[in-house]
Amino acid sequence: MLPALARTARHHGLFTKVGVRGFASQVSEMTVRDALNSALDEELARDDKVYVLGEEVGEYQGAYKITRGLLQKYGPDRVKDTPITEAGFTGIAVGSAFAGLRPVCEFMTWNFAMQAIDQIINSAAKTLYMSAGQINCPIVFRGPNGAAAGVAAQHSQCFASWYSSVPGLKVLAPYDSEDARGLMKAAIRDPDPVVFLENEILYGQAFPVTPQVLDKDFVLPIGKAKVMREGKHVTLVSFSKMVGYCLKAAEQLAKEGIDCEVINLRSIKPLDRDTLLASVKKTHKIISVEEGWPQCGVGSEISAVMMELAFDELDAPVLRVTGAEVPMPYAANLEAAALPQIDDIIKAVKSIA
Amino acid sequence: MNVDERRAHAISSWVRRILRACKQQLICTWFEHKAKRRPVGLQLAKDLTGLFYKPFAAFHRTSCLRFGKMQSMLKQRSGVRAAQPARRAVQVRAVAAPVKAATSKSPIVTPETAKDLYYDMVLGREFEEMCAQMYYRGKMFGFVHLYSGQEAVSSGVIRQLRQDDYVVSTYRDHVHALSKGVSAREVMAELFGKKTGCCRGQGGSMHMFSAKAGVLGGYAFIGEGIPVGLGAAFQSKYRRDVLGDEKADSVTCSFFGDGTCNVGQFYESLNMAALYKLPHIFVVENNLWAIGMSHLRATASTAGDQDPHIYKKGPAFGMPGVLVDGMDVLKVHQVAKEAIERARRGEGPTLIEAETYRFRGHSLADPDELRSKEEKAKWLARDPIPQLKKYMIDNGLASEADIKALEDKVAEVVEDCVKFADESPKPERGQLLENVFADPRGFGIAEDGRYRYQMPGFSSGTAVVS
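Cut-offs and rules
- Residues numbered from 1 in each chain as written.
- Chains lettered and ligands numbered in written order.
- Predicted model: local features only at pLDDT ≥ 70, side-chain atom pairs only at ≥ 80, totals over all residues.
- Heavy atoms only, no water.
- Helix = DSSP H or I, 4+ residues; strand = E, 2+ residues; numbered from the N terminus.
- Buried < 20%, exposed > 50% of the residue type's maximum accessible area, 1.4 Å probe, protein only.
- Areas by Shrake-Rupley, 256 points an atom, 1.4 Å probe, with all protein chains shown as cover.
- Rg over C-alpha atoms; globule rule 2.2 N^0.38 Å.
- Contact = heavy atoms within 4.5 Å.
- Lys, Arg positive; Asp, Glu negative; His and termini not counted.
- Charge placed at Lys NZ, Arg CZ, Asp CG, Glu CD.
- Buried area = accessible area lost by both parts, 1.4 Å probe.
- Salt bridge = Lys/Arg side-chain N within 4 Å of Asp/Glu carboxyl O.
- Polar contact = N/O pair within 3.5 Å; in protein donor to acceptor, adjacent residues only side chain to side chain.
- Pairing = 2+ DSSP bridges.
- Axes fitted to C-alpha atoms, helices over the stretch in contact; angles between N-to-C directions.
- UniProt positions renumbered as here; feature names shortened; annotations may be inferred.
- 1 Å grid on protein atoms, 1.4 Å probe; cavity = no way out; pocket = protein on both sides within 12 Å on 5 of 7 lines; lining within 4 Å.
- Points joined across faces, edges and corners; volume = space filled by probe spheres on them.
- Nonpolar A, V, L, I, M, F, W, Y, C, P; charged D, E, K, R; others polar.
- Domains from an automatic or database assignment.
- Core = buried A, V, L, I, M, F, W, Y, C linked by side-chain atoms within 4.5 Å.
- Phe/Tyr/Trp six-rings, centres within 6.5 Å; stacked < 30°, edge-to-face > 60°.
- Lys NZ or Arg CZ within 6 Å of the ring centre and 35° of its normal.
- Parallel < 35°, antiparallel > 145°, perpendicular 65-115°, else oblique.
- Left-handed = near helix turned anticlockwise from the far one by under 90°.

## Re the overall build of chain B
Looking only at helices and strands, one finds 15 helices and 10 strands in chain B. With 466 residues in all, chain B has 50% of them scored as buried. As displayed, chain B offers around 22,600 Å² of accessible surface, 56% of which is attributable to carbon and sulfur atoms.

Here's what the structure looks like:
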């Protein structure tokens, strides 16, 4: 009984000042994998309409171990292993969302979601509009996006630009653990379909998290970018893994006296134009960095927006650092050549700084 | 070799094959007799009969093929099909659970049910005919796919559903929406593209949605709606199993055609419906034509059959498959009743193949040149509405006066809904950008524009993550 009392008391904040938990204000580290896992765990506990389905999410503990432990905790009714039927199980998830549940539909990678893209776009994204507001779809589609290491052409595509062009979808791309936790919770609580683009390389990386991030109600706003690093010479804007590259490039450039501002988009749709504009007004130069292909990519959208809204603020054309316009090759050196590296970003900055 | 020589060669090779098989069978039977002490004579007689029949049938088939009699054989078969007035419902027992056979005699229903079915069918027919008129007068535009002729399936299945049951359909969805309870006024206004339509003019003919009546669309991509229907059924099961709602037993019916039965999503859905035992009913409205592609040209025959049978795919996936005469509303009603009750009891899905026909083309833009006049006339003669009318009068379920009253009511409703749709206003321009997102600002930003997580009291203390 005493532990229960202690728990209740803690919940009501009675003993926190006394320091029952002995938690100082130190910052701990958490991998993106654990961040996503804990976010899913807490959301499943908070609302019993939330359930997870996908291939290998249950007994296999998740193809990338994101859903580790959830089957044991919540049972097979809420963490469902599906057969290899993307179109079918995505449709089931969408239909159940129409009828009032809140599914989290996992794709092993976003490449496989191409089998289900009909359901994502034609059913999930468009139905609220087609039904004139009667039937909404509170679903989260999640999975690793973009290139991993040596997985070749059919497993390495970046889908950010495809999905972000569809009205009716919200597209999120977390970078660090704080993003992962906050955006995942926001996505699950959101009443609209959310495309959640993770990154396999980032899963294992640990980032510092404050106690506020670990709070079970920590939710980040959708549609707001984060300024990771303030600067005054050039703005580097990117999302997902490339944010890390931009930060490293900024470190190196700082030694040479070029001060870069790094913006982590977090939300590709809705795009946070205000933050980008404020940054361009300060630096007058902007470079977009992404992993995907150049034509009609996220960088194209940023260029168009900057040209339309900040033409007079720009001292140089908007540059795009993107992946090469090729399907991803397998050989390790070719793969490295096909993706933006830190040197490519530095070169781009120096060409306009 | 000419035809006669080839025939002689074939016969002699057949005889040789039979003799060889007999010899082998004799040896086997002898050994069995020795091993298991079975009476040789009887066993031999049984084995040899079986031996003779199968190759003979196979020979007949292959010889026709080989000698180029395919065309005449096909014509013969289609002639046989044409000569038959009505196909009896055939029962296929599944491994899972059997559904009671639909009897060849039309089952008895109450007068109320019969009148309700009649009213619904006539409403569907008159509404669709009015749509055709309105389309040619320019009030309706785009793609309009009419349901005339198939009313028995919609009325037979949907009129038994409750308000909390769901219906999912394809682009041929006007009558499904009407049967499920969306008012004729709202459907017609939606077709005219007016603000008062069930989707405020934003969906159109192919996208009928109604949260109140449980109509989850209206999908232009055939096969797309089926997994969505499965999802609604999944929700019902989840409410019962996980959320503990004992009364959750709502059922979902997905309607689609013969063309859809070649789409991958159909097979994915069959598997998952049986795997998860979902309360879902697959209703195939086999009208033999997918635009201009005949079902017989598009679909391979099921093994051992001459024709493709869609209902036989049910048992392959673990659910009962039932074939029913889709032009007889009472037969459809009975089969659907069993399937719905099965689903409500939690015994899983059913696949119903209803043989029906659309009297008009695929859409109002289809010249409909590929279907023969004889075929159309044959099916027109089996119109479900006069069939039910005759049945009701013959069996005393309704008098001529009652029926006339129902028909007059339908005429009134249809006239009224056209007038309503005509006089309704078009949507305002501002409506264009509405309803893209349920929460346009994105979660995390409260109504007053502040970030939710920065508001006082939003989070209380630190969480324990186990």
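## Brief notes about the overall build of chain A
Broken down by element type, chain A carries 15 helices and 14 strands. For chain A, whose C-alpha radius of gyration is 21 Å, the value lies close to the compact-globule estimate of 20 Å for 353 residues. For chain A, with 353 residues in total, the buried portion stands at 61%. Once local pairs closer than 6 in sequence are excluded, the contacts in chain A between residues at least 24 apart make up 81%. Total accessible area computed for chain A in this model is approximately 13,600 Å², and 55% of it derives from carbon and sulfur atoms. The distance from the centre of the 36 positive side-chain charges to the centre of the 42 negative ones in chain A is 6 Å.

## Digging into the interface of chain A and chain B
Contacts between chain A and chain B engage 63 residues on the former and 56 residues on the latter. Of the roughly 5,100 Å² buried where chain A meets chain B, counting both sides, 64% is carbon and sulfur surface. Of all residues in chain A, the largest losses of buried area upon contact with chain B belong to Ile92(A), Tyr129(A) and Met130(A), amounting jointly to 14% of the total for that side. For the interface between chain A and chain B, the tally reads zero salt bridges. Applying the counting rule to chain A against chain B returns 21 residue pairs in polar contact (both at pLDDT 80 or more). Elements that contribute at least two residues to the side of chain A that touches chain B include exactly α2 (32-46), β2 (50-54), β3 (79-81), α4 (86-98), α5 (117-125), α6 (127-130), α8 (177-189) and α10 (211-214) of chain A.

## Let's talk about the sheet that holds strand β10 (residues 234-238) of chain A
Residue and element names in this part refer to chain A. The strand order β9-β11-β10-β13-β14 describes an open sheet built from five strands, whose pairing is mixed. Two strands bound the open sheet, and with one partner strand each, they are β9 (226-229) and β14 (319-321). Strand-to-strand twist of the sheet, defined as the mean angle between neighbouring strand axes without regard to direction, takes the value 25 degrees. In this structure, β9 lies alongside strand β11 (residues 260-264), joined through three bridges in antiparallel fashion. Considered in β11, the bridge of Arg229 is made with Val262.

## With respect to the UniProt feature "domain: Transketolase-like pyrimidine-binding" (unreviewed entry) in chain A
As recorded in UniProt, the sites labelled "domain: Transketolase-like pyrimidine-binding" (unreviewed entry) are residues 30-205 of chain A. A distance of 8 Å separates the end C-alpha atoms of residues 30-205 of chain A, which is 39% helix and 16% strand.

## Looking at the sheet that holds strand β4 (residues 102-106) of chain A
All names here are of chain A. Overall, mixed pairing links the seven strands, which are arranged β3-β2-β4-β5-β7-β6-β12 in an open sheet. Two strands lie at the open edges of the sheet, namely β3 and β12 (267-269), each paired on one side alone. Across the sheet, the mean angle from the axis of one strand to that of its neighbour is 20 degrees, orientation sign disregarded. Note: strand β5 (residues 140-144) against strand β7 (residues 194-198), five bridges, orientation parallel. Directly across from Pro144, in β7, lies its bridge partner Glu198.

## Details of the pairing of β10(A)
All names here are of chain A. Counting buried residues in β10 gives five out of five residues, a clear majority hidden from the surface. In this sheet, strand β13 (residues 286-289) lies alongside β10 in parallel orientation, the contact comprising four bridges. Opposite Thr235, over in β13, you have Ile286 as the bridge partner.

## Some words on empty space enclosed by the protein
Residues and elements named next belong to chain A. What the rule picks out here adds up to five cavities of 30 Å³ or more. The space that makes up the largest cavity amounts to roughly 110 Å³. As for the largest cavity, its lining consists of 16 residues, of which Ser156, Gln157, Glu291, Trp293 and Met328 are closest to the centre. Among the residues making up the lining of the largest cavity, the classes are represented as 10 nonpolar, five polar and one charged. When residues of the lining of the largest cavity are assigned to domains, at least three map to each of domain 1 (28-214) and domain 2 (226-351). Space inside the second largest cavity adds up to approximately 90 Å³. Along the walls of the second largest cavity sit Asn145, Cys158, Ala173, Leu197, Glu198, Asn199, Phe239, Ser240, Lys241, Met242, Glu290 and Glu291, which together make up its complete lining. Of all elements in the fold, only β7 and α11 (241-255) reach the threshold of two or more residues within the lining of the second largest cavity. For the lining of the second largest cavity, the per-class residue count stands at five nonpolar, three polar and four charged. Here the lining of the second largest cavity spans two domains, since at least three of its residues come from each of domain 1 (28-214) and domain 2 (226-351).

## So, the environment of Gln150(B)
Residue and element names in this part refer to chain B. Along the chain, the position of Gln150 falls in the loop between α4 (111-136) and α5 (151-158). In the structure, Gln150 is positioned 16 residues away from Met134 in sequence and 20 Å away in space, judged by C-alpha atoms. Residues within four places of Gln150 in sequence aside, it is in contact with Arg172, Glu285, Asn287, Thr356, Tyr357 and Arg358.

## Quick word on the nonpolar core
Trp110(A), Ile120(A), Phe141(A), Tyr163(A), Met306(A), Met188(B) and Phe282(B) are the most contacted members of the largest nonpolar core, which totals 126 residues. It is α4(B) that contributes the most residues to this core, 13 residues altogether. Setting aside chain neighbours within four positions, we find Tyr163(A) in contact with Trp110(A), Ala113(A), Ile117(A), Ile120(A), Ile121(A), Leu169(A), Val171(A) and Val195(A). In terms of nonpolar packing, the next biggest core, distinct from the first, is built from 59 residues, Leu44(A), Leu71(A), Leu202(A) and Val349(A) among them.

## Observations concerning the packing of aromatic side chains
With the rule as written, the count across this model stands at 19 aromatic pairs over all chains. With centroids separated by 6.3 Å and ring planes inclined at 45 degrees, the aromatic side chains of Phe159(A) and Tyr163(A) adopt a geometry described as tilted. Of the two residues, Phe159(A) and Tyr163(A), neither departs from the other in class, the shared state being buried. Ring pairing ties together the aromatic residues Phe89(A), Phe107(A), Trp110(A), Phe141(A), Phe159(A), Trp162(A) and Tyr163(A), which thus form one cluster. One Lys or Arg, Lys80(A), reaches over the ring of Tyr276(B) and ends 4.7 Å from the middle of that ring. Positioned over the ring face of Phe437(B) is Lys170(A), at 4.9 Å from the centre of the ring.

## Let's talk about the UniProt feature "domain: Dehydrogenase E1 component" (unreviewed entry) in chain B
The UniProt record annotates "domain: Dehydrogenase E1 component" (unreviewed entry) at residues 119-428 of chain B. Counting secondary structure, residues 119-428 of chain B comes out at 45% helix and 12% strand; the distance between its end C-alpha atoms is 36 Å.

## What to know about the packing of α4(B) against helix α7 (residues 184-192) of chain B
Residue and element names in this part refer to chain B. In contact at an axis separation of 12 Å, α4 and α7 are set at 25 degrees when each is read in the N-to-C sense. With respect to α7, the element α4 is oriented roughly parallel. You can see that α4 and α7 cross each other, and the crossing is right-handed. Note on element contacts: α7 touches α4 through Ala184, Val187, Met188, Leu191 and Phe192, opposite Phe127, Met130, Cys131 and Met134. Residues of the contact of α4 with α7, tallied by class, amount to nine nonpolar, no polar and no charged.

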